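Next come the chains, spelled out residue by residue.
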Amino acid sequence: MAITAAVRQDIMELAVLMNNKAPGTVLLSELVAKSAAGSSLTDIATHLAARADFTATYPTFQTATEFANEWLANALPEASAALLAECVTIVEGYLNGGGSIPGLVVVVQEVLSDPANADGALKTHVDNFNNKVTVATYHTITSEAAAEWAIPAVVTSDATTVATANAAADTALAPAPV
């Protein structure tokens with residue numbers, strides 16, 4: 001079963017949202033193969049959440065509050081303290097009410113990737129997320145870099161930061177001087 005560009009985009013977005021990294025061709029290929037074999041986005045998020053990379057950042061012993069604070073700071077870096085506090089309360093309620101981290105990430109990915117949310121109160125966060133995904137796509141798909149790569153903190157909701165981050169990707173991928 002072949003996947004579509006839309007499904008690959010969803011997978012790329014999940015990888016960025018879960019790890020704040022470009023997945024690289026190795027991980028993206030692994031995730032695409034899972035999708036082609038019938039895994040849902042929640043299954044793929046579950047796989048990402050079980051990886052050492054994710055659990056090193058978000059240890060399984062974290063409370064819902066600790067996870068929410070740390071993950072939301074990465075997912076919504078331009079959020080005000082008041083918005084982060086409100087989001088932490090929502091995430092705590094979701095997780096303490098029996099929701100899973102992979103389920104949460106899939107819902108947040110749907111919200112942040114929905115063009116209907118590109119205006120209004122979520123605009124800054126949607127733009128930030130889309131810029132991160134654009135940089136991850138450049139690293140993984142355009143440049144075909146095998147390794148995962150942390151998206152630089154310079155990426156914000158400002159579209160001009162994409163070019164700066166793409167240049168950083170090019171520098172990271174350049175062969176070492178002889």
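Residues numbered from 1 in each chain as written. Predicted model: local features only at pLDDT ≥ 70, side-chain atom pairs only at ≥ 80, totals over all residues. Heavy atoms only, no water.

A.B. asks: What is the right way to look at the side chain of Thr-140 in this model?
C.D. replies: Relative to the elements of secondary structure, Thr-140 occurs in helix H8 (residues 123-142). Excluding residues that lie within four positions of it along the chain, Thr-140 makes contacts with Met-12, Ala-22, Pro-23, Gly-24, Thr-25, Leu-28 and Ala-145. (Helix = DSSP H or I, 4+ residues; strand = E, 2+ residues; numbered from the N terminus. Contact = heavy atoms within 4.5 Å.)

A.B. asks: Is there a simple way to think about the environment of His-47 in this case?
C.D. replies: Note that His-47 resides in helix H3 (residues 41-50). Once the C-alpha coordinates of His-47 and Leu-31 are considered, the two residues, 16 residues apart in sequence, prove to be 8.6 Å apart. Aside from chain neighbours lying at most four places away, what touches His-47 is Glu-30, Leu-31 and Lys-34.

A.B. asks: Just to check I follow, could you spell out the confidence of the model for the protein chain for this structure?
C.D. replies: Parts of the prediction with low pLDDT should not have their coordinates interpreted in detail. The pLDDT averaged across the protein chain works out to 93; a share of 99% of its residues lies at or above 70. Least confident of the elements in the protein chain is helix H9 (residues 160-173), whose mean pLDDT is 88; most confident is H3, at 97. (pLDDT = per-residue confidence, 0-100.)

A.B. asks: Looking at this structure, how should I read unusual backbone geometry?
C.D. replies: Even without being glycine, Asn-20 reaches a positive phi, approximately 55°. Relative to the assigned elements, Asn-20 resides in the loop between helix H1 (5-19) and strand E1 (21-22). Here Asn-20 falls in the partly exposed class, since its relative accessible area comes to 22%. Even without glycine at this site, Glu-144 takes up a positive phi of about 50°. Inspection of the secondary structure assignment puts Glu-144 in the loop between H8 and strand E2 (149-150). (Buried < 20%, exposed > 50% of the residue type's maximum accessible area, 1.4 Å probe, protein only.)

A.B. asks: Looking at this model, I keep getting lost on the pattern of salt bridges. Mind explaining?
C.D. replies: As a working rule, side chains carrying opposite charge can pair if their charged atoms are close by. Scanning the entire structure with this criterion turns up three salt bridges. Residue Lys-123 pairs with Asp-127 through a salt bridge whose shortest N-O separation is 2.7 Å. Here Lys-123 and its partner Asp-127 are both found in helix H8, four residues apart, which amounts to about one turn of the helix. You can call Lys-123 partly exposed: its relative accessible area is 36%. (Salt bridge = Lys/Arg side-chain N within 4 Å of Asp/Glu carboxyl O.)

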